[in-house]
Amino acid sequence: MKKITFLFLTLFIVFNSQGQSLENQPPIIFIYDASGSMWGQMQGKTKMEIAANALSSTIGNLTEHQKLGFIAYGHRKEGDCEDVEFMVDAETGTKKEVIAAVKGIKPLGKTPLAYSATLVIDQLRAAKQKATIILITDGIESCDGNICEIVQAAKEEGIDFKLHIIGFGLKEEDTQQLRCAAGAGEGSYFSAANSENLGEILNVATASTVDKPANNFSVYALKNGKPLDVFVKAYDIVSKREPIILRTYQDTGYFYLPPSKYNFEVVPLEGSDVDMITVNNVESHEHTIGHQTISFDGGKLDVFTSNNGEGWDSMVKIIDNNGKVVATTRTYGAKKEVEVNPGVYKVAIQALKMEGLQTNTELDSVVIAAAKTLPLVYDFKTGAFEIYTQVGGENIDTVVSIKEEKSGKSVAGARTYNKGAKFLLNPGNYVVTIRPLGAHKEKAAQTIEVEVKAGETHTKTLNF
């Protein structure tokens, strides 16, 4: 039994999930930008330092069986479009050698992207070997080459490789040729904006190797016409497998979905007040490239609350069909916009600084549509009740308690503090009880009935 277990463990270690010997895994070959622009600063550090640290960390996390190659360009001669060096051989190189090579580079020259890719492809052709190529660059081609054409020609020739390209701090308008090359190389183009971003992307790129199934599905998330960085979890609703995860990095993200039906959970990582969006029954097919565009254009509610027609301070809550409060705002007497996922909601409004039985309202079945603004106006009604309590013509301190006449519910209370009290009440009939305090606390309480009308002030002077 022990021998069988040992044999099983040995086979598990030596072979990967596809039955391929780990020692025979296709290499990952890094093409590394060592041009002069890598001395540029980001987050208080040079891009060279950021890239070297991120790449070293990623390589350090790879398995010992993973073959690694490392090619750098632009680090030996200024202005030389053929300054490309194979620094670590993909057949014999170790993680330690690659990390040492990365750390020892001093950026200097130009950016010969097409020439660098050509040399790597020539090597794969000669060795009849397949590989994953990961190109890291902070600049565009500076030697009149076209890397997309090089990659397309190699693929037409039948050379087996997957090319990922990581644009580090590049402007969007400079990425067209790089995106073309990554697409032609059956890989992905990633845009890295900072050190954390670069490290995450390198981990994703090194996990999506040439021996993995080709990407067959893409996702693009946006809000108001601009791309969003989102996490996508694809749940197989047929096979019930573990969710397949993708991050888009403000771009079109690609992953492999085995043919089936999926529910997507899409969570924005930036730039939106809306929560997760669920997209149901997304289908993936064999030999077909699928795509899903996901819009986070929320609908807006433009809320204005008033009292007798004038802007009034209120608290507003938007509640979904599950009873969850998805957004809140305070109006402060002005219009307020609230953004939520498109849908049907209940809107709860609480008027502040007024009292009575109509200081809260709930509006049901409020339909908020994507990329549209729904105006919502609600007007509360109040009247004022002023009371002055006196003995011998002078104001005294008393406690005033007010109940709504029909329901008997207490709605307000205050002390007069020798200067009277004023209440803002919903229109209606009230029972008011007044109890003297201080030197006159022995005097009997009095109860009166008051009618409050909208927009009017009712004043009462009570003598004890």
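In what follows, the structure referred to is the one given above.
My aim in this report is to walk through the structure given alongside it, one point at a time. Computed from a prediction, not measured in an experiment: that's the story for all the values here.

### Here we look at the packing of aromatic side chains
Aromatic ring pairs: the centre-centre distance and the angle between the two ring planes describe each pair.
Step number 1: Enumeration according to the criterion identifies seven aromatic pairs in this entry.
Step number 2: The interplanar angle of 40° and the centroid separation of 5.5 Å between the aromatic rings of Y32 and F70 together place this pair among those described as tilted. Note that Y32 is positioned in strand 1 (residues 28-33) and F70 in strand 4 (residues 68-73), a separation of 38 residues in sequence.
Step number 3: Look at Y32 and you get buried, because its relative accessible area is 1%.
Step number 4: On the numbers, 4.9 Å between centres and 70° between planes, the contact of Y378 with F380 is edge-to-face.
Step number 5: The class for Y378 is partly exposed, based on a relative accessible area of 25%.
Step number 6: Here a set of aromatic residues connected by ring pairs shows up, and it is made of F217, F255 and F264.
Step number 7: One residue, R247, lies across the ring of F231, its end atom 5.6 Å from the ring centre.

### Quick notes on the environment of D379
Step number 1: The topology assignment puts D379 in strand 24 (residues 373-380).
Step number 2: Each C-alpha atom, one on D379 and one on T92, is 78 Å from the other, the two residues being 287 residues apart in sequence.
Step number 3: If we skip the residues at most four places from it in the chain, D379 touches S306, N307, N308 and G309.
Step number 4: Side chain to side chain, D379 and S306 meet in a polar contact 2.6 Å long.

### Describing helix 7 (residues 195-207)
Step number 1: Along its 13 residues, helix 7 runs 19 Å from first to last C-alpha, staying within 8% of the 18 Å computed at 1.5 Å per residue.
Step number 2: Those residues of helix 7 not exposed but buried are N197, L198, G199, I201, L202, A205 and T206.
Step number 3: Buried positions along helix 7 lie against strand 1, helix 2 (47-60), strand 6 (131-137), strand 7 (161-168), strand 8 (189-192) and strand 12 (244-247).

Criteria and thresholds
- Along every chain, residues carry numbers that run from 1 in the direction the sequence is written.
- Per-residue local features are limited, in this predicted model, to residues with pLDDT of at least 70; the limit for side-chain atom pairs, both in listing and counting, is 80 or more; totals at the level of whole chains, interfaces and linings are taken over all residues.
- Each side-chain value is worked out from all heavy atoms of the structure, with water and hydrogens disregarded.
- Only Phe, Tyr and Trp rings take part, Trp by its six-membered ring, and two of them pair if their centres are within 6.5 Å. Stacked means planes under 30 degrees apart, edge-to-face means over 60, and tilted covers everything else.
- Working definition: helices are DSSP H or I runs of at least four residues, strands are E runs of at least two. Numbering for both runs from the N terminus.
- To sort residues, take the accessible area from a 1.4 Å probe on protein chains only and compare it with the maximum for the residue type: under 20% means buried, over 50% means exposed, and anything in between is partly exposed.
- Two limits define a charge over a ring: the Lys NZ or Arg CZ must be within 6 Å of the ring centre, and within 35 degrees of the ring normal.
- By the convention used here, residues are in contact when the closest approach between their heavy atoms is within 4.5 Å.
- Counted as a polar contact is a pair of N or O atoms within 3.5 Å, where, for protein atoms, one must be capable of donating a hydrogen and the other of accepting one, and residues adjacent in sequence contribute only when both atoms are in side chains.
- Any helix carries an expected span of 1.5 Å times its number of residues minus one.

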